[in-house]
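# Results of the structural survey
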Amino acid sequence: MADGAAQPNGTDVVDKMTVEVAEMALDAKEATTDEPTGKPAEAGVEANGAAAKPVSTAAFREQFKAFSKFGDTKSDGKHLTLSQSDKWMKQAKVIDKKITTTDTGIHFKKLKSMKLTIEDYNKFLDDLAKTKKVELEEIKNKMANCGAPGVHNSTPGKAAETVARLTDTSKYTGSHKQRFDEAGKGKGIAGRKDLVDQSGYVSGYGHKNTYDKTH
């Protein structure tokens with residue numbers, strides 16, 4: 001050219017575009033960065049990197065209603081007492097060594113009411129979780145999925161087997177064996193005492209009550 005200025009070649013154009021793309025990517029990353037921690041803010045991810053299980057609001061509300069009526073037939077299902085709350089949290093295994101009934105009592109009474117609505121109850125749980133350094137979502141998940149009031153995950157199989165073994169009369173020995181007949185039916189007092197035969201027959205006579213049948 002007449003002015004002698006060097007024209008940009010193809011390589012210079014590519015390098016400039018690469019720089020611009022990198023800068024745009026960096027700006028986008030900074031926009032999605034959580035400022036206090038400096039870490040990307042990702043929805044649904046807990047601090048330890050594990051995916052947070054979403055709480056079913058409907059299930060939690062149904063549990064609240066069920067436990068608010070537990071032991072109180074006159075309850076409208078809209079208010080929960082401390083006693084009902086403790087039963088719910090015990091069944092959900094929220095009350096343990098870390099969270100005790102003393103803790104729940106202290107935080108429940110902060111709301112200055114004998115019965116809490118679900119809105120106030122959520123405040124109670126939030127305050128409790130923060131104080132005890134427990135994930136609120138973890139608490140509510142346990143409470144939403146602990147089953148109907150009074151239902152416990154027990155294993156009655158072993159107990160049933162033990163009862164069946166202890167009541168099997170065919171395995172009885174000694175004096176206990178004499179208390180039942182071959183069908184396992186109790187003989188009553190005849191199985192506990194030697195009763196005197198007052199029929200008039202000689203003891204050991206084998207033809208008792210056969211005379212009228214043969215004559």
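The preceding data block contains the structure.
Keep in mind that this is a model prediction, so the values were computed, not measured.

### Here we look at the overall build of the chain
Within the chain, the regular secondary structure consists of nine helices and four strands. The secondary structure elements of the chain, listed N-terminal to C-terminal, are α-β-β-α-β-α-α-β-α-α-α-α-α. Out of the 215 residues in the chain, the part that is buried amounts to 18%. If you take every contact in the chain between residues at least 6 apart in sequence, the share linking residues at least 24 apart comes to 50%. About 16,500 Å² of surface is accessible on the chain, with carbon and sulfur atoms providing 55% of the total.

### A closer look at the nonpolar core
Across soluble globular proteins, nonpolar side chains show a tendency to be buried alongside one another. Core analysis: the largest hydrophobic core is formed by 23 residues, its most contacted members being W88, M89, Y121 and M143. Elements supplying a minimum of two residues to this core: α2 (57-68), α3 (82-91), α5 (118-132) and α6 (136-144). Sorting elements by how many residues they give to this core places α5 first, with six residues.

### Observations concerning the packing of α2 against α6
Contact geometry of α2 with α6 gives a least axis separation of 8 Å together with a crossing angle of 60°. With respect to α6, the axis of α2 lies oblique. α2 and α6 meet at a crossing whose hand is left-handed. Within the contact between the two elements, α2 uses A59, F60 and Q63 and α6 uses K140, M143 and A144.

Here is what the cut-offs are and how they apply
- Residues numbered from 1 in each chain as written.
- Predicted model: local features only at pLDDT ≥ 70, side-chain atom pairs only at ≥ 80, totals over all residues.
- Heavy atoms only, no water.
- Helix = DSSP H or I, 4+ residues; strand = E, 2+ residues; numbered from the N terminus.
- Buried < 20%, exposed > 50% of the residue type's maximum accessible area, 1.4 Å probe, protein only.
- Contact = heavy atoms within 4.5 Å.
- Areas by Shrake-Rupley, 256 points an atom, 1.4 Å probe, with all protein chains shown as cover.
- Core = buried A, V, L, I, M, F, W, Y, C linked by side-chain atoms within 4.5 Å.
- Axes fitted to C-alpha atoms, helices over the stretch in contact; angles between N-to-C directions.
- Parallel < 35°, antiparallel > 145°, perpendicular 65-115°, else oblique.
- Left-handed = near helix turned anticlockwise from the far one by under 90°.

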